[in-house]
Amino acid sequence: RLGQRYYFPAFFICVLCDHSGMCGIAGIIDLLAERPAPEGVVQRMSRALVHRGPDEEGFLERPGISLASRRLSIVGLADGQQPMANEDRSIFVVFNGELFDYVEGGKNSPRKVIASSRTEIIPHLWEDHQEGTWEQLRGQFAVALWDTRRRELHLGRDRFGIAPLFWSRQGDWLLFASEIKGLLASGMVPPRPDRKGLDHVFTFSAVPGPRTCFEGVQLLPPGHCLRISPARAGARLTITERAYWEMDFPAE
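All figures in this text were calculated on a predicted structure; none of them were measured in a lab.

Cut-offs and rules
- Residues numbered from 1 in each chain as written.
- Predicted model: local features only at pLDDT ≥ 70, side-chain atom pairs only at ≥ 80, totals over all residues.
- Heavy atoms only, no water.
- Helix = DSSP H or I, 4+ residues; strand = E, 2+ residues; numbered from the N terminus.
- Contact = heavy atoms within 4.5 Å.
- Areas by Shrake-Rupley, 256 points an atom, 1.4 Å probe, with all protein chains shown as cover.
- Phe/Tyr/Trp six-rings, centres within 6.5 Å; stacked < 30°, edge-to-face > 60°.
- Buried < 20%, exposed > 50% of the residue type's maximum accessible area, 1.4 Å probe, protein only.
- Pairing = 2+ DSSP bridges.
- Axes fitted to C-alpha atoms, helices over the stretch in contact; angles between N-to-C directions.
- Salt bridge = Lys/Arg side-chain N within 4 Å of Asp/Glu carboxyl O.
- Core = buried A, V, L, I, M, F, W, Y, C linked by side-chain atoms within 4.5 Å.

### A word on the overall build of the protein
Now for step 1: Counting secondary structure elements, the protein contains seven helices and 12 strands.
Now for step 2: Excluding contacts between residues fewer than 6 apart, the proportion of contacts in the protein whose partners are at least 24 apart in sequence is 56%.
Now for step 3: As displayed, the protein offers around 12,900 Å² of accessible surface, 56% of which is attributable to carbon and sulfur atoms.

### What to know about the packing of aromatic side chains
Now for step 1: In total, this model carries two aromatic pairs according to the counting rule given.
Now for step 2: Aromatic side chains Trp126 and Trp134 sit 6.3 Å apart centroid to centroid with 70° between the ring planes, which places their arrangement in the edge-to-face category. In this structure, Trp126 and Trp134 share a single accessibility class: buried.

### Comments concerning the sheet that holds strand 6 (residues 139–147)
Now for step 1: Pairing is antiparallel across the open sheet formed by six strands, whose spatial order is 4-5-6-7-11-12. Edge positions in the sheet fall to strand 4 (84–85) and strand 12 (238–243), since each has one partner strand and no second.
Now for step 2: Pairing between strand 4 and strand 5 (residues 91–99): two bridges, direction antiparallel. Along strand 5, the bridge assignment pairs Met84 with Val93.

### A few points about the sheet that holds strand 9 (residues 173–177)
Now for step 1: With antiparallel pairing, the six strands of this open sheet are ordered in space as 2-3-1-9-8-10. Only two strands of the sheet have a single neighbouring strand rather than two, namely strand 2 (56–62) and strand 10 (217–219). Between one strand axis and the next, the sheet turns through 15° on average, direction left out of account.
Now for step 2: Direction of pairing for strand 8 (residues 166–170) relative to strand 9: antiparallel, over a ladder of five bridges. If you follow Gln170 over to strand 9, its bridge partner there is Trp173.

### As for the pattern of salt bridges
Now for step 1: Tallied over the entire structure, the rule returns 15 salt bridges.
Now for step 2: In this structure, a network of salt bridges that share partners links the residues Glu131, Arg150, Glu152 and Arg227.

### A short note on helix 4 (residues 121–129)
Now for step 1: Within helix 4, burial applies to Ile121, Ile122, Pro123, His124, Leu125 and Trp126.
Now for step 2: Residue Gln130 follows helix 4 closely and has a positive phi angle near 50°.

### A look at the nonpolar core
Now for step 1: In this structure, Ile29, Leu67, Trp146, Leu153, Leu155, Phe176 and Ile228 are the most contacted members of the largest nonpolar core, which totals 21 residues.
Now for step 2: A per-element tally of this core places strand 6 first, with three residues.

### What about unusual backbone geometry?
Now for step 1: Geometrically, the link from Gln82 to Pro83 is a cis peptide bond, its omega value of 0° lying close to zero.
Now for step 2: With respect to the helices and strands, Pro83 occurs in the loop between strand 3 (65–71) and strand 4.
Now for step 3: Between Gly209 and Pro210 the backbone carries a cis peptide bond, its omega angle lying at 5°.
Now for step 4: For Pro210, the location among the structural elements is in the loop between helix 7 (195–204) and strand 10.
Now for step 5: Notably, Arg151 is not glycine yet its phi reads approximately 55°, a positive angle.
Now for step 6: Following the sequence through the fold, Arg151 ends up in the loop between strand 6 and strand 7 (152–157).
Now for step 7: Judged by relative accessible area, which is 25%, Arg151 ranks as partly exposed.
Now for step 8: Phi angles above zero are rare outside glycine, and Ser205 is one such case at about 60°.
Now for step 9: Using a relative accessible area of 68% as the deciding quantity, one classes Ser205 as exposed.

### Section: the pairing of strand 3
Now for step 1: Along strand 3, seven of the seven residues are buried, which leaves the element largely enclosed by surrounding structure.
Now for step 2: Residues of strand 3 alternate between two faces, with Ile65, Leu67, Ser69 and Arg71 on one and Ser66, Ala68 and Arg70 on the opposite face, all of them buried.
Now for step 3: The sheet contact formed by strand 1 (residues 24–30) and strand 3 spans six bridges and is antiparallel. Bridge pairing links Ile29 to Ile65 in strand 3.
Now for step 4: With seven bridges joining them, strand 2 and strand 3 adopt antiparallel strand pairing.

Okay, here's the thing in structure tokens:
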């Protein structure tokens, strides 16, 4: 206590911001071919996240890509089922989080989208802005978007990293999930310790990322997005991470 103000311990603030029960997403993509995901993998990942979304689960399973969503229904109980697609089903999205201006965002879109759920606005923003979509989103979120025409998976995380998103490349496969336990439940990510990540715990009492306590598992940093372009029809495999937003510290 300083004067009449109370200051909460940092760990308590972290707990408040974790939103561990606020839905969850997971998925797997084949990086070199279009093989179906190994049987049961994405279902096991989803079940490991059931505490994040006990109300509904949804899956997209296509050659080369599988997505999963766990939903905690708070608003829009009759709609908002995921994965969600645009009208021609060329873009699919699984989404964890909250968009604060999704109604205004839809009205300001060139397509004048009347969105009934927060997730619905994302594929339409992608139609208008492609990879500039991340700069358009205002809120706390972890998003996985599959663009069927470009054959690309895009992952994005909100500016301050409120919604978590982890990923791991295992040979010819890349997996992602809202929690590391979702990755481990796949049976494809070995639970080996990362000594440098453990050192961060004892040095900083935190693991800020992208390194984690598990070898081969990375945390997508706040304000970053990841584009995964599998090797297709002679095109090279590319996995590209970029910062779409960085905190600006004025000189004065």
